[in-house]
Amino acid sequence: MYVPWAAARALLAGQDPYLTPLHDPWNRFEVVNGQPFYLLYPPAIVTLYVPLAYFSADFIAAGGVTRVWHFLVLAGLAGLCFVLIRKLRRSLASQEAEPLLVLPLFLCIALCPQMSLALERGQSDITVALLCWAAAVLILHDFTFSAVFLATTATLAKGYPIVFGLGVGLIGLLRQSAWRALAGAVSSTLLLLWPMRNYL
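The rules behind these values
- Residues numbered from 1 in each chain as written.
- Predicted model: local features only at pLDDT ≥ 70, side-chain atom pairs only at ≥ 80, totals over all residues.
- Heavy atoms only, no water.
- Axes fitted to C-alpha atoms, helices over the stretch in contact; angles between N-to-C directions.
- Helix = DSSP H or I, 4+ residues; strand = E, 2+ residues; numbered from the N terminus.
- Parallel < 35°, antiparallel > 145°, perpendicular 65-115°, else oblique.
- Contact = heavy atoms within 4.5 Å.
- Nonpolar A, V, L, I, M, F, W, Y, C, P; charged D, E, K, R; others polar.
- Patch = residues over 30% accessible without salt bridge, like charges linked within 9 Å, V, L, I, M, F, W, Y side chains within 5 Å.
- Areas by Shrake-Rupley, 256 points an atom, 1.4 Å probe, with all protein chains shown as cover.
- Salt bridge = Lys/Arg side-chain N within 4 Å of Asp/Glu carboxyl O.
- Buried < 20%, exposed > 50% of the residue type's maximum accessible area, 1.4 Å probe, protein only.

1. A look at the packing of helix α1 (residues 2–12) against helix α2 (residues 43–55)
Inference 1: Remark: α1 packs on α2, axes separated minimally by 8 Å, with the N-to-C direction vectors making an angle of 80°. When the interaxial angle is binned, α1 and α2 end up roughly perpendicular. Taking contact as the criterion, the partners of P4, W5, A7, A8, R9, L11 and L12 in α1 are, on α2, I45, V46, Y49, V50, L52, A53 and Y54.
Inference 2: Within the contact of α1 with α2, the residues separate by chemical class into 13 nonpolar, no polar and 1 charged.

Right, dumping it as structure tokens:
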């Protein structure tokens, strides 16, 4: 999490996050046409880290805040598991969800190898997972705008969920909610990329 946090600090200082040395502990950078680029992440990830960079005086403080945030994300994933179970039960004509089913579903969602790596290294993948699962729950409940907004945010941040994001948008279109789907995608794109517009 150090590099996107440092990039967000550079953005807040009015510097180009891609061309400003970020003092990466691993000294990672790429040279393109003789110009070193110190940030190898998509621009949206920088915007997502702006609140953390703004409210943390240094990287140690940022790490403490991130640890608390990860606990909240795990709690959010557990809550989404319960919502998904209730939805499944209702679709099967059962009246109540079985609370004990939350644990195995939560383990499947939260403790995959990628999530474990994210928890170990403080990476943003865990937040992307929460955004995707929240989008899945919202689209199942016909909240097209919110679902597409979150799916687009996840896709712009990491790129991994692009197929998932397109699927959520397609569901919105098929449900005759095209304007809500488009509004969600456009709103997320503007929110995440507008602060980085001068560095794209």
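2. Considerations on a nonpolar patch on the surface
Inference 1: Nonpolar side chains collect at one region of the surface, where L12, Y54 and F55 lie side by side and expose about 410 Å² of accessible area between them.
Inference 2: Of note, F55 is situated in helix α2.
Inference 3: F55 sits in the exposed class, given a relative accessible area of 68%.

3. Overview of the environment of L182
Inference 1: Along the chain, the position of L182 falls in helix α9 (residues 178–193).
Inference 2: The exposure class of L182 is exposed, given its relative accessible area of 54%.
Inference 3: Remark: the alpha-carbon pair of L182 and V148, spanning 34 residues in sequence, is separated by 8.0 Å.

4. Considerations on unusual backbone geometry
With the exception of glycine, the majority of residues adopt a negative phi angle, and the majority of peptide bonds are in the trans configuration.
Inference 1: Of note in the backbone geometry, N33 takes a positive phi value of approximately 55° without being a glycine.
Inference 2: With respect to the element layout, N33 can be found in the loop between β1 (30–32) and β2 (35–37).
Inference 3: Although it is not a glycine, D142 sits at a positive phi angle of roughly 65°.
Inference 4: By relative accessible area, D142 is classed as exposed at 52%.

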